[in-house]
Structures are given as C-alpha cells and as structure tokens.
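Per-entry structural report
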Amino acid sequence: LNLSKSITIEGDGHKIGFYKYGIALWGKSLTFENCIVEMKEIGSTPYTAEWNWQAICASKDATLTLNNTQMTMDGTEAGNAHAIYFCSNNKLNVNNSTLIIENYPQDALEWDGGDGGYNISIVNSTFIDFPLFTSKSSSLLRSKSNISTSKPLLFIKKYKLEHLTTYGLRHS
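The present account deals with the structure reproduced in this document. (Residues numbered from 1 in each chain as written. Predicted model: local features only at pLDDT ≥ 70, side-chain atom pairs only at ≥ 80, totals over all residues. Heavy atoms only, no water.)

**Re the overall build of the protein**
Tallying secondary structure elements over the protein gives one helix and 15 strands in all. Expressed as a percentage of the 172 residues in the protein, the buried residues total 49%. Excluding contacts between residues fewer than 6 apart, the proportion of contacts in the protein whose partners are at least 24 apart in sequence is 61%. Roughly 8300 Å² of accessible area belongs to the protein as shown, and the carbon and sulfur atoms make up 49% of that amount. (Helix = DSSP H or I, 4+ residues; strand = E, 2+ residues; numbered from the N terminus. Buried < 20%, exposed > 50% of the residue type's maximum accessible area, 1.4 Å probe, protein only. Contact = heavy atoms within 4.5 Å. Areas by Shrake-Rupley, 256 points an atom, 1.4 Å probe, with all protein chains shown as cover.)

**Let's talk about the packing of aromatic side chains**
Counted under the stated rule, the structure contains five aromatic pairs. With a centroid separation of 5.0 Å and 70 degrees between ring planes, the pair formed by W26 and Y47 is classed as edge-to-face. With W26 in the loop between β4 (23–25) and β5 (29–33) and Y47 in the loop between β6 (36–40) and β7 (54–58), the pair connects residues that are 21 residues apart, well separated along the chain. Classification of Y47 by relative accessible area gives partly exposed; the value is 24%. Taking 4.7 Å as the distance between ring centres and 70 degrees as the angle between the ring planes, the aromatic pair formed by W53 and Y85 counts as edge-to-face. With W53 in the loop between β6 and β7 and Y85 in strand β10 (residues 82–87), this residue pair connects regions lying 32 residues apart in the sequence. Given the relative accessible area of 33%, W53 is considered partly exposed. Through a chain of ring-to-ring contacts, three or more aromatic side chains come together here, namely W26, Y47 and W51. (Phe/Tyr/Trp six-rings, centres within 6.5 Å; stacked < 30°, edge-to-face > 60°.)

**Here's the deal with the sheet that holds β5**
Sheet strands line up and pair through hydrogen bonds in the backbone, either parallel or antiparallel. If you trace the five strands from one edge of the open sheet to the other, you get β2-β5-β8-β11-β14, paired in parallel fashion. Each of the sheet's edge strands pairs with one partner strand only, and the pair in question is β2 (7–10) and β14 (119–123). Within the sheet, the average angular offset between the axes of one strand and its neighbour, ignoring direction, is 5 degrees. In terms of strand pairing, strand β8 (residues 63–67) meets strand β11 (residues 91–95) through five bridges, oriented parallel. Within the sheet, the bridge partner assigned to N67 lies in β11 and is N95. (Pairing = 2+ DSSP bridges. Axes fitted to C-alpha atoms, helices over the stretch in contact; angles between N-to-C directions.)

**Side note on the nonpolar core**
Residues F32, M71, M73 and L99 are the most contacted members of the largest nonpolar core, which totals 35 residues. Setting aside residues up to four positions removed in sequence, L99 forms contacts with L66, M71, M73, I84, L92, V94, T126, F127 and I128. (Core = buried A, V, L, I, M, F, W, Y, C linked by side-chain atoms within 4.5 Å.)

**Focus on the environment of A108**
Locating A108 in the fold gives a position in the loop between β12 (98–102) and β13 (109–112). Between the C-alpha atoms of A108 and A83, which are 25 residues apart in sequence, the distance is 4.9 Å.

The analysis is restricted to geometry; functional conclusions fall outside its scope.
See the structure below:
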C-alpha cells in the first residue's frame, strides 16, 4: 500500500492481507477500522528504492491508527527487516485493538530521529513485542523476537504511566 492520501479502511470484521509489500505512508494517515490485518513475510514497503528494509515506513507527519482492529505482523522469512520504522513526528494509535509483531530480526518499532517526539497512544489495547510500554488499560506486553540475542525473549512487565515520560511518550 503506497499511501499518498489519508484513508480509513472499514473492514467490517474482514481480513485484509499483505503478502508481497507492506505500507509506505507519505505524510498521510491510514486508519484500519474493525479489521483483521495480517502481514506475513513482509520486509519491504512498495517504495523499494529506499524503504526496502521495513514492513511499514512513514515520512514526516504520518499516522497509523488501529481502531477495533487486530493486526499481526510476522517477519518470518522477511529478511533483515524492521517491522515499523517511524521518524519526524509520526504517530501510532492503537485503540481497542491488538498489535502483534513477531519474528522480525530488527526492531518491532523504531523511531529514527524522532523530531516532533515519539508519539504512541495505546488505549484499551494490547501491543505485543515491545517490552517497554503499557497503558493503564493494557494487559501485558511480550517480546517474541530476537532482540540482539540468540534466544527468543519473553518480557512481562507493567509500567505506570508516570514512567513513560522517560521515553518521551505521551498518554492520551
């Protein structure tokens, strides 16, 4: 999906599958509403000239929002890729949703530069694969990927919102 205008995909509970390329967000907003989103073996966006080492990448001021959605990103056979690579005031919103990221050899979620802040909002949701963040209403976060070790890791941690300010995060 090479997104050059903001869109909302209303899935009505249906599955939306990505099986060749991931998502390139060109300063626009992509919202998945009431969807089951599946990304398997995705290691590149459609913009292969530069963004060929991440499943989802965004230019300045782009937003990815999951509303009442389950998104699973499985990086098995995706090469040496990042799952989500953000920079320059990008936003990730996970509302009443589940985001599962597994088997990516690089980061599940990375901000490069982060000018404009590291903007993530997790509300009544679960974000699995990143051991640092949880909102008051999230249950737990686990890492299923190799994170600079040779063994899969499992983290179960809960952080109060006060601790998130260390990471430059905001809760809304």
